[in-house]
Amino acid sequence: MTPEEDVLAAALLSLYDLTSRTTEAVSPTLDEHGLTLNTAYTLWAVDPDEPPPSMGVLAERTRCSPPNLTFLCDQLEARGLILRAVPASDRRQRVVKLTDAGRAARSAVVDVMLSGSPLRTLSRADLMELHRLLQSASDPEVPSSRRP
C-alpha cells in the first residue's frame, strides 16, 4: 500500500472500531424496542420538534432508496412507532409521524447513542472538527471553505 492508503486504512479501521463499540453499547436498548441500527437511525431522523417529514425528505436524510425506506418504515409502523399519513396540504405525499411510543423509543435511542458513544470523551472543539471532516468526506461537492 502507498502511505496515503496506509493512512486511509487506519482511518477506516478506526471508524469501524467506533461503530462496533457504539453498536455494542446501544444493542440492549435497540433490542428492548425491537429495533435494528437501520430502523433506529430512521426513527432518529424523524425530529419530533419539526413538522413530520415526507417520505422523500426522510429518504434524503437517511440516504436511503425509496424502496428501502418503505421497508424500514413498514417495520417501524408494525411496531407502533410511526404512522404514515397523507397531509391535507399535498395529498400526493405521505408524511412520517412519531407515535407516543415512537417518541419514547426515539428518546431512549438518542440518549443511549449519546451516552454510549466513544466520541463522548472528545472535547467540543475536537467534536466540531471531526464533524467538519466527516461532512467534508460525505459531501465532496461542497467546498471545504463553505462548511462550518
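Summarised in this report is the structure supplied together with it. Only a predicted model underlies this, so the values are computations on that prediction, with no experimental measurement involved.

Cut-offs and rules
Sequence order sets the numbering: in each chain, residues are counted from 1 along the sequence as written. In keeping with the predicted nature of the model, local features appear solely for residues at pLDDT of at least 70, side-chain atom pairs appear and are counted solely at 80 or more, and the whole-chain, interface and lining totals rest on all residues. Excluding hydrogens and water, the side-chain figures rest on all heavy atoms present in the structure. Numbered from the N terminus, helices here are DSSP runs of H or I no shorter than four residues, and strands are runs of E no shorter than two. Whether a residue is buried, partly exposed or exposed follows from its accessible area with a 1.4 Å probe, protein chains only, as a fraction of its type maximum: under 20%, in between, or over 50%, in that order. Between N-to-C directions, angles span 0 to 180 degrees; the directions come from axes that are lines fitted to C-alpha atoms, helices contributing only their stretch in contact. Any angle that is under 35 degrees is reported as roughly parallel, and any over 145 degrees as roughly antiparallel; angles of 65 to 115 degrees are reported as roughly perpendicular and all others as oblique. The contact definition used throughout considers only heavy atoms, calling two residues in contact when any of these lie within 4.5 Å. Amino acids are sorted into nonpolar (Ala, Val, Leu, Ile, Met, Phe, Trp, Tyr, Cys and Pro), charged (Asp, Glu, Lys and Arg) and polar (every other residue, Gly among them).

With respect to the helices and strands, Asp100 occurs in helix 5 (residues 100-116). With relative accessibility at 66%, the residue Asp100 sits in the exposed group. Sequence spacing of Asp100 and Ile82 is 18 residues, and the spatial spacing of their C-alpha atoms is 8.7 Å.

This brings us to the packing of helix 3 (residues 55-62) against helix 4 (residues 66-78). Orientation of helix 3 relative to helix 4, taken along the N-to-C sense of each, is 100 degrees, at an axis distance of 10 Å. Our classification of the angle between helix 3 and helix 4 gives roughly perpendicular. In this structure, helix 3 uses Met55, Leu58, Ala59 and Thr62 to contact helix 4, whose residues at the interface are Leu69, Thr70 and Cys73. Here the contact of helix 3 with helix 4 is composed, by residue class, of five nonpolar, two polar and no charged.

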